[in-house]
Amino acid sequence: MKQTQLTYKDFGLADNPFPEVDGPIQFGGIGCMDLLKFGFYNGNAVIRGMAMTQLLPFAAALWHFKNGLGDMFSDQGTNNPPWDDGSDSFENAERNLRVFYYMMYLLGIEYWCWHDLDLVPFGKSLEKFHKNIDKMLPVIKELSDLTGIKVGWTTQNLFSHPRYTDGAATNSDMGSFVMGWAQTKKMLDVAKWLQDNGCGATHHTFWGGREGYTLLLATMIGREKRHLATFLWMAVRYAQSIGLKIQFQIEPKPKEPSTHQYDRNAEVVIGFLREFKLLPYFGLNIETNHAQLDDHSVAHELTDGCNKSLVTGIDGNQGTRGLGWDTDEFPSDLMICFETMFPILASKEGVLNGFLNFDAKRNRGSYAPVDLLYAHILGMDAMALGLALAVVVLDEGHLQKLIDARYQSWNSRQGAAIERYIEDPDSVDLEQLAAEGYDVPLELDPANSGHFEAVKSIVLRSIPRAVALLE
Ligand code: XLS
Ligand code: NI
Ligand code: NI
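Before going into details, it helps to say that this report is about the structure given with it. (Residues numbered from 1 in each chain as written. Chains lettered and ligands numbered in written order. Predicted model: local features only at pLDDT ≥ 70, side-chain atom pairs only at ≥ 80, totals over all residues. Heavy atoms only, no water.)

### Some points on the coordination of the nickel ion (ligand 2)
- The protein atoms that coordinate the nickel ion (ligand 2) are Glu251 (OE), Glu287 (OE), Asp315 (OD) and Asp359 (OD), at distances spanning 2.0 to 2.1 Å.
- Here the nickel ion (ligand 2) binds six donor atoms, and the angle range of 81 to 170 degrees at the metal identifies the geometry as octahedral.
- Written as a sequence motif, the donor residues of the nickel ion (ligand 2) are E-x35-E-x27-D-x43-D.
- In this structure, the nickel ion (ligand 2) lies 4.2 Å away from the nickel ion (ligand 3), the two metals sharing Glu287 as a donor. Placement of Glu251 in the loop between β8 (247–250) and β9 (260–261) and of Glu287 in strand β10 (residues 282–287) is noted, with a sequence separation of 36 residues between them. Residues Glu251 and Glu287 agree in their burial class; the two are buried. (Donors = N, O, S within 2.8 Å, 3.2 Å for Na, K, Ca; no water. Tetrahedral: all angles 85-135°; square planar, octahedral: opposite > 155°, others 65-115°. Helix = DSSP H or I, 4+ residues; strand = E, 2+ residues; numbered from the N terminus. Buried < 20%, exposed > 50% of the residue type's maximum accessible area, 1.4 Å probe, protein only.)

### Some points on the sheet that holds β10
- Taken in spatial order, the eight strands close into a barrel running β3-β4-β5-β6-β8-β10-β11-β12, and their pairing is parallel. Looking at each pair of strands side by side, their axes are set apart by 30 degrees on average, direction ignored.
- Two strands pair when backbone bridges link them, and strand β3 (residues 58–61) and strand β12 (residues 355–358) are joined in this way by three bridges, in the parallel orientation. Residue pairing in the sheet places Ala59 in a bridge with Asn357 of β12.
- Together, β8 and β10 form the strand contacts of helix α8 (residues 266–275), whose direction differs from that of β10 by roughly 165 degrees.
- Here helix α12 (residues 370–396) sits on the sheet in contact with β3 and β12, set at roughly 140 degrees to β12. (Pairing = 2+ DSSP bridges. Axes fitted to C-alpha atoms, helices over the stretch in contact; angles between N-to-C directions. Contact = heavy atoms within 4.5 Å.)

### What about helix α3 (residues 90–107)?
- Here α3 is 18 residues long and its end C-alpha atoms lie 26 Å apart, about the 26 Å a rise of 1.5 Å per residue gives.
- Across the 18 residues of α3, 15 count as buried, placing the element largely inside the fold.
- Following α3 by one or two positions, Gly108 has its phi on the positive side, about 75 degrees. (Expected span 1.5 Å × (residues − 1).)

### Some words on the coordination of the nickel ion (ligand 3)
- Here the nickel ion (ligand 3) is held by the protein donor atoms Glu287 (OE), His290 (NE2), Asp326 (OD), Asp326 (OD) and Asp328 (OD), which lie 1.9 to 2.7 Å from it.
- Sequence positions of the donors to the nickel ion (ligand 3) reduce to the motif E-x2-H-x35-D-x1-D.
- We classify Asp326 as buried; its relative accessible area is 14%.

### Quick notes on the pattern of salt bridges
- Under the defined criterion, the tally for this structure stands at 18 salt bridges.
- As a salt-bridge pair, Arg48 and Asp395 come within 2.8 Å of each other at their nearest N and O atoms. One end of the pair, Arg48, is in the loop between β1 (46–47) and β2 (50–51); the other, Asp395, is in helix α12, and 347 residues separate them in sequence.
- Asp395 sits in the partly exposed class, given a relative accessible area of 44%. (Salt bridge = Lys/Arg side-chain N within 4 Å of Asp/Glu carboxyl O.)

### Let's talk about the site of ligand 1
- Within the structure, ligand 1 sits among Trp63, His115, Trp153, Trp207, Glu251, Lys253, Glu287, His290, Asp315, Asp326 and Asp359.
- Within the side chain of Glu287, an N or O atom sits 2.7 Å from an oxygen atom of ligand 1.
- About the coverage of ligand 1: the protein hides 94% of its 300 Å² of free accessible area.
- Partitioning the shell around ligand 1 into residue classes produces three nonpolar, two polar and six charged. (Near = heavy atom within 4 Å. Polar contact = N/O pair within 3.5 Å; in protein donor to acceptor, adjacent residues only side chain to side chain. Areas by Shrake-Rupley, 256 points an atom, 1.4 Å probe, with all protein chains shown as cover. Nonpolar A, V, L, I, M, F, W, Y, C, P; charged D, E, K, R; others polar.)

### Comments concerning the packing of aromatic side chains
- Summed over the entire model, instances satisfying the criterion amount to 27 aromatic pairs.
- Arranged with centres 5.6 Å apart and planes meeting at 40 degrees, the rings of Trp63 and Trp153 form a pair that is tilted. Taken as a pair, Trp63 in helix α2 (residues 62–65) and Trp153 in strand β5 (residues 150–155) lie far apart in primary sequence, 90 residues in all. Pair check on accessibility: Trp63 and Trp153 agree, each one buried.
- On the numbers, 5.7 Å between centres and 75 degrees between planes, the contact of Tyr101 with Trp112 is edge-to-face. With Tyr101 in helix α3 and Trp112 in strand β4 (residues 111–115), this pair connects stretches of sequence that are 11 residues apart. Take Tyr101 and Trp112: they sit in the same class, and that class is buried.
- Three or more aromatic residues joined by ring pairs make a cluster, and in this case those are Phe11, Phe18, Phe65, Trp83, Phe100, Tyr101, Tyr102, Tyr105, Trp112 and Trp114.
- When the ring centre of Phe90 is taken as reference, the NZ or CZ atom of Lys135 above it lies at 4.3 Å. (Phe/Tyr/Trp six-rings, centres within 6.5 Å; stacked < 30°, edge-to-face > 60°. Lys NZ or Arg CZ within 6 Å of the ring centre and 35° of its normal.)

None of the figures reported here should be taken as evidence of function without further support.
Here it is as structure tokens:
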């Protein structure tokens, strides 16, 4: 991020979109009650020898910045910011992008993510749409040069247009597959342009908005999954052909809007990628709310992915417990933020090699422009606290001591032999092992208790020291 002090005018804006603040949001001290300052996120803190921007590579989502805040009971949204004239014009799209950049500058967010359709409206034809994207690229470059804020990942919206009602790559109508490919190829060309012009775009996401089925009885699942794999292979090979080095990632989601989506969760996606030999080219972008829709925690999804070094991004958000919809709320739940950062810090890499994207929108009732600042500040504060808590729990070692004790029986010679068995069938004498099974004491050994409540206490009691880390 460049250090120079900028004003909204430097972003080519005639009016100040956020008159409530006169410069970048500052850290106001722990628990600061000026809500237009950070109360936990301290951009100057250094933790584990790393800068906060490295530990928390925040990205803002253009689609949620522009989100009209409609819902399933009313398409008519509540978000009518003064900078948006409601038209489909290029100028309106450009003004939105300029305000978006100014917002990220104020917040100290260094990356952003977008679908083709977020940038400019689709309009009357795919051709015109793509021409408008090309016209906007120099604006991205101008703003990126001005601020140092880069694109994190690009993607294509293959779920909004009626053409994609039954999916894109998995549509029963081949025309939709072909049109989806045109959009995807274009966004890979765009990523190449962005990279060549120093604007970032190191990652590219596939979220299969409607890649799944609505009615199983009318669906050829096997054929559709193969089409999806074909589509992904086309992206891999096309990127190679234009010399584009990009980290592809799949964002799992179990359902909604389709009944069942083929990229249901981390385990399912890993199996799918392995089946079609795509594993070397793809990572996982794990979204908290999607994990929740799959009745899992984000920690489960991330742990699955991290164990295989496959996590390349996070869509940090949260849902409303028990609701069952993808409400994409800004993260505020400390335990969710802890569960997000813990698997990443505990992983072999120890840091997220990708983006922590706020795939989050304001509540429908938070329609003031300044709520965009409040919302991101909330998310950044919460994630910072979650990060610090994960660091303390990991680094103080109390948890590891309990885990080590729990698994200690496996550290015996016999345990090691059993753990070798898959590779070395001679490591275990199956007859003898079964014979020993008769001698295993029938009473549990208290030494092997999981002490689960004690484990939870470790997290709770680490909170004060986590807070101190951020001071
Ligand atoms: C929607 C998805 C979407 C992806 C990008 O549920 O989370 O926003 O992140 O296509
Ligand atoms: Ni998402
Ligand atoms: Ni979502």
